[in-house]
Structures are given as C-alpha cells and as structure tokens.
Amino acid sequence: MSDWPEWFQEALRQRFYQLELASEQQASYSTEGKNLFTQMDQFKMNQNEDIQRLLSEWEEVIGYQLSQDKQSIYMEGVKDGVRLILPVIPPYLN
C-alpha cells in the first residue's frame, strides 16, 4: 500500500479499527444471545402449546430482523469499498 497517500492509508486504518470494534461488540452480543436462546428454549418447554407457538413466532421475527441488520451492515461495507475505489480508478475504466 505504499503507493497510496498517507491520508488514504490512515483512513483505511481508522475504518478497519471501527469495523474491528463493531465486530468485537457483535461477538459479545453473540455469546449473550446464545445464552438467551438457551434460556428461552428451556422456558418454552415448560409452557403450553399456544405459548410455545407464540414464542416460536417471536423467535422467527427476531431472527429475520437480525438477518436484515447483518445485511445492512454488509451493504455499508460494500458502499465503503465503492467509495474508496471509484476515485482512484483511471478514467478510461469508468
């Protein structure tokens, strides 16, 4: 990366650090989430069928929302990549 200006390299480092921090925070939420779902499964087993069905539907909605959140984070990464690459692409490639 020595061909890149120092400000560009610093911007990449800062973005990397931001994503690394977000990833670490996500990992801790992941462990907490696993514990939560284990507790929820134990709780569900002690409920009647109607409540078990409602709790399963709730889990489905939460799972869908989490996947939407992850997709949004992924798309932000793609946009970041495009914003970084477009200014340095030679004009004849655009």
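Residues numbered from 1 in each chain as written. Predicted model: local features only at pLDDT ≥ 70, side-chain atom pairs only at ≥ 80, totals over all residues. Heavy atoms only, no water.

Caption draft 1: The arrangement of the overall build of the protein in detail. Helix and strand counts for the protein come out as two helices and zero strands. Its C-alpha atoms give the protein a radius of gyration of 21 Å, clearly above 12 Å, the size a compact globule of 94 residues would have. Viewed in the frame of its principal axes, the protein has a C-alpha envelope of about 65 × 25 × 10 Å. Per element, the accessible surface of the protein, about 8100 Å² overall, is 60% carbon and sulfur. Positive and negative charge centroids in the protein, built from 8 and 15 side chains respectively, lie 3 Å apart. (Helix = DSSP H or I, 4+ residues; strand = E, 2+ residues; numbered from the N terminus. Rg over C-alpha atoms; globule rule 2.2 N^0.38 Å. Areas by Shrake-Rupley, 256 points an atom, 1.4 Å probe, with all protein chains shown as cover. Lys, Arg positive; Asp, Glu negative; His and termini not counted. Charge placed at Lys NZ, Arg CZ, Asp CG, Glu CD.)

Caption draft 2: The arrangement of a nonpolar patch on the surface in detail. Residues Tyr74, Met75, Val78, Val82 and Leu86 make up a contiguous nonpolar surface patch of roughly 450 Å² in combined accessible area. Within the secondary structure layout, Met75 lies in helix α2 (residues 49-85). Here Met75 falls in the partly exposed class, since its relative accessible area comes to 37%. (Patch = residues over 30% accessible without salt bridge, like charges linked within 9 Å, V, L, I, M, F, W, Y side chains within 5 Å. Salt bridge = Lys/Arg side-chain N within 4 Å of Asp/Glu carboxyl O. Buried < 20%, exposed > 50% of the residue type's maximum accessible area, 1.4 Å probe, protein only.)

Caption draft 3: Quick peek at the side chain of Asp80. Among the secondary structure elements, Asp80 is positioned in helix α2. Polar contacts involving the side chain of Asp80 include one to the side chain of Arg15, which spans 2.4 Å. (Polar contact = N/O pair within 3.5 Å; in protein donor to acceptor, adjacent residues only side chain to side chain.)

Caption draft 4: Seen up close, α2. Relative to the 54 Å expected for 37 residues at 1.5 Å per residue, α2 spans 54 Å between its end C-alpha atoms, a close match to the ideal helical length. Buried within α2 are the following residues: Leu55, Glu59 and Asp80. Taking the backbone nitrogen of Asp50 as reference, a side-chain oxygen 3.0 Å away marks Asn48 as the first, capping residue of α2. (Expected span 1.5 Å × (residues − 1).)

Caption draft 5: Fine view of the side chain of Lys44. Locating Lys44 in the fold gives a position in helix α1 (residues 6-45). At 3.1 Å, the side chain of Lys44 and the side chain of Ser56 are in polar contact. In this view, Lys44 contacts Gln52, Leu55, Ser56 and Glu59; residues no more than four positions away in its chain are not counted. (Contact = heavy atoms within 4.5 Å.)

Caption draft 6: Fine view of the pattern of salt bridges. Per the stated rule, a full pass over the model turns up eight salt bridges. Across the pair Arg13 and Glu6 runs a salt bridge, and its minimum N-O distance is 2.8 Å. For Arg15, the salt bridge goes to Asp80, with nearest N and O atoms at 2.4 Å. Taken together, the positions of Arg15 in helix α1 and Asp80 in helix α2 put the pair 65 residues apart, joining distant regions of the chain. Look at Arg15 and you get partly exposed, because its relative accessible area is 29%. Three or more residues are tied together by salt bridges with common partners; here these are Glu6, Glu10 and Arg13.

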